[in-house]
Amino acid sequence: MKVDVLLGLQWGDEGKGKVVDVLTPDYDVVARFQGGPNAGHTLEFEGQKYVLRSIPSGIFQGDKVNIIGNGVVLDPALFKAEAEELAKSGHSLKDRLIISKKAHLIMPTHRVLDAAYEAAKGDSKVGTTGKGIGPTYTDKVSRNGLRVGDLLHNFDQKYAAAKARHEQILHDMHFEYDITETEKAWFEGIEYLKQFQLVDSEHVINQMLDNGKSVLCEGAQGTMLDVDFGSYPFVTSSNTVCAGACTGLGVSPRRIGDVYGIFKAYCTRVGSGPFPTELFDEVGDKIRDLGHEYGAVTGRKRRCGWIDLVALKYAVMIDGVTKLIMMKSDVLDDFDTIKACVAYKVNGEEIDHFPFDISEGVEPVYVELPGWKTPMSKMKGEDEFPEEFNNYLSFLEEELGVPVKIVSVGPDREQTIVRYVDD
Ligand code: GDP
Ligand code: IMO
Ligand code: MG
């Protein structure tokens, strides 16, 4: 069997959680492969709203297996809080969640380091989620990390050594902090983790595939936040692109099947960093208000702008997208004109490829399309789509060279329109 991958194509928050939940009935396994509690994946159904950070969004659909892969960074305290919250609402994870022993642990001092590095950067700060993501991946790559599997053997010693190293750095930076409370919660989280299946999940997943089981990989963040291909250095610290699913789960590239690329009908970004199509006017405010564009984790205001097809085409290429999913179509219901950026003007020259640096002097070149001026959120099938909306879809499909399979018209599970069924 093949592994399908669902990825954000923009700067995150495209609606990955909602769509993973919708697609889960078609799969046996849902797996997270990178990122950590910097993610905030929102799901809505039966009048309830849930925000998942580390736990895969397949957890609400029956007895599917959910995997937290080796590429993920896990904060035990936040994981415990998230799992307990789910259990309270009747969604126990026991026996349905597998955690890789090779996943790295976010320590309390990683979070402090995140804050210290951001403070040291001053005005050029990344605007991280403050969850310790960068320092944890730094320790992983510099071969100093602490992994989930470590908690089964000599853990206190390993923890103390890693903590001492962090303390030295923080001391040298003259950074004041107090982790008494967070450390207590962290160790409670470590104990809590022990009840789950902590395994070498690469074996489990490959065995499941050999036995004919199907797997959906759930990306976190988005392609433009990828550490290699995003708007560096204003990115996260993991590979959010399709290739990340191979390294983050231990599946061969030859196993990859469909790649679902998910994007909003417009564009948002949270945190610092370049955003060529950002709107600073009342149109941007209107998109933010109608789209409730505030961070699921931090509550921060999301920056809003028109769709950027230069960046999207780049993402489609890097990820090898086979099917597109367009979210939040309903948010643009009430605009006379919709704009789409089809090229950048850099130093007076028009380019349609994504350049090395988009931090300065990039001016978007727009085409304008008529808005549909029709409420979409109650629509049930594509036969109800207004002509102008169909034109927008066709325009995007032509520009991106990939069909749009799913259109989302609201936050609820039910507000999802599948345009065609695969053979
Ligand atoms: P994720 O991180 O990619 O899972 O996305 P987030 O959950 O951070 O942000 C997406 C937000 O949009 C959430 O609040 C969703 O409930 C909401 N949402 C998802 N799809 C739609 C849609 O089609 N229309 C509207 N209006 N909201 C949506
Ligand atoms: P989901 O999975 C949107 C952004 C942060 C910051 C940068 C680095 O919900 O789409 P980090 O804490 O990762 O070191 O922050 O990346 N960022 C996200 N933006 N959605 C996310 O996740 C994000 N995860 C990180 O705002 O600019
Ligand atoms: Mg999110």
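Below or above, wherever it landed, is the structure these notes cover.

1. Some thoughts on the site of ligand 2
Inference 1: Every one of the 21 residues lining ligand 2 counts as a neighbour, but Asp13, Lys16, His41, Thr129 and Thr236 are closest to it.
Inference 2: Val270 places a main-chain nitrogen or oxygen 3.1 Å from an oxygen atom of ligand 2.
Inference 3: Interatomic distance of 2.9 Å between a side-chain N/O atom of Arg300 and an oxygen atom of ligand 2.
Inference 4: Surface burial for ligand 2 is 98%, taken as the share of its 550 Å² of free accessible area covered by protein chains.
Inference 5: Among the residues forming the shell around ligand 2, the class breakdown is eight nonpolar, 10 polar and three charged.

2. Remarks on the coordination of the magnesium ion (ligand 3)
Inference 1: Coordination sphere of the magnesium ion (ligand 3), protein contribution only: Asp13 (OD) and Gly40 (O), at 2.1 to 2.2 Å. Residue Asp13 is found in the loop between β1 (3-8) and α1 (16-23), and its partner Gly40 is found in the loop between β2 (29-32) and β3 (41-45); the two are separated by 27 residues along the sequence.
Inference 2: For Asp13, a relative accessible area of 24% gives the class partly exposed.

3. Quick notes on the packing of helix α5 (residues 155-172) against helix α6 (residues 180-193)
Inference 1: The geometry of α5 relative to α6 is characterised by a closest axis approach of 14 Å and an angle of 145 degrees between their N-to-C directions. You can see that α5 and α6 cross each other, and the crossing is right-handed. Contacts from Phe155, Asp156, Tyr159 and Lys163 in α5 reach Glu183, Trp186, Phe187 and Ile190 in α6.
Inference 2: Here the residues of the contact of α5 with α6 sort into five nonpolar, no polar and three charged.

4. Describing unusual backbone geometry
Inference 1: Cis geometry is found at the peptide bond from Tyr232 to Pro233, where omega equals 5 degrees.
Inference 2: As for its placement among the helices and strands, Pro233 is situated in the loop between β10 (215-218) and α8 (243-249).
Inference 3: We note that Asn154 has phi near 55 degrees; this positive angle belongs to a residue other than glycine.
Inference 4: Among the secondary structure elements, Asn154 is positioned in the loop between α4 (133-141) and α5.
Inference 5: You will see that His174, though not glycine, has its phi angle at about 55 degrees, which is positive.
Inference 6: Tracing the backbone through its elements, the reader meets His174 in the loop between α5 and α6.

5. Here we look at the site of ligand 1
Inference 1: Looking at ligand 1, there are 20 residues lining it, with Gly15, Lys16, Thr42, Asp330 and Ser408 nearest.
Inference 2: Asp13 places a side-chain nitrogen or oxygen 2.9 Å from an oxygen atom of ligand 1.
Inference 3: In this structure, an oxygen atom belonging to ligand 1 sits 2.5 Å away from a side-chain N or O atom of Ser408.
Inference 4: Protein chains bury 93% of the 580 Å² of accessible surface belonging to ligand 1 in isolation.
Inference 5: Residue assignment for the shell around ligand 1 shows that the elements contributing at least two residues are α1 and β3.

6. Section: the pairing of β2
Inference 1: Both faces of β2 are covered, namely the face carrying Val29 and Ala31 and the face carrying Val30 and Arg32.
Inference 2: Note: β2 against strand β5 (residues 65-68), four bridges, orientation parallel. Bridging across to β5, Ala31 finds its partner in Ile67.
Inference 3: Pairing of β2 with β10, which is carried by four bridges, proceeds in the parallel orientation. Considered in β10, the bridge of Val30 is made with Leu216.

The rules behind each value
Residues numbered from 1 in each chain as written. Chains lettered and ligands numbered in written order. Predicted model: local features only at pLDDT ≥ 70, side-chain atom pairs only at ≥ 80, totals over all residues. Heavy atoms only, no water. Near = heavy atom within 4 Å. Polar contact = N/O pair within 3.5 Å; in protein donor to acceptor, adjacent residues only side chain to side chain. Areas by Shrake-Rupley, 256 points an atom, 1.4 Å probe, with all protein chains shown as cover. Nonpolar A, V, L, I, M, F, W, Y, C, P; charged D, E, K, R; others polar. Donors = N, O, S within 2.8 Å, 3.2 Å for Na, K, Ca; no water. Helix = DSSP H or I, 4+ residues; strand = E, 2+ residues; numbered from the N terminus. Buried < 20%, exposed > 50% of the residue type's maximum accessible area, 1.4 Å probe, protein only. Axes fitted to C-alpha atoms, helices over the stretch in contact; angles between N-to-C directions. Left-handed = near helix turned anticlockwise from the far one by under 90°. Contact = heavy atoms within 4.5 Å. Pairing = 2+ DSSP bridges.

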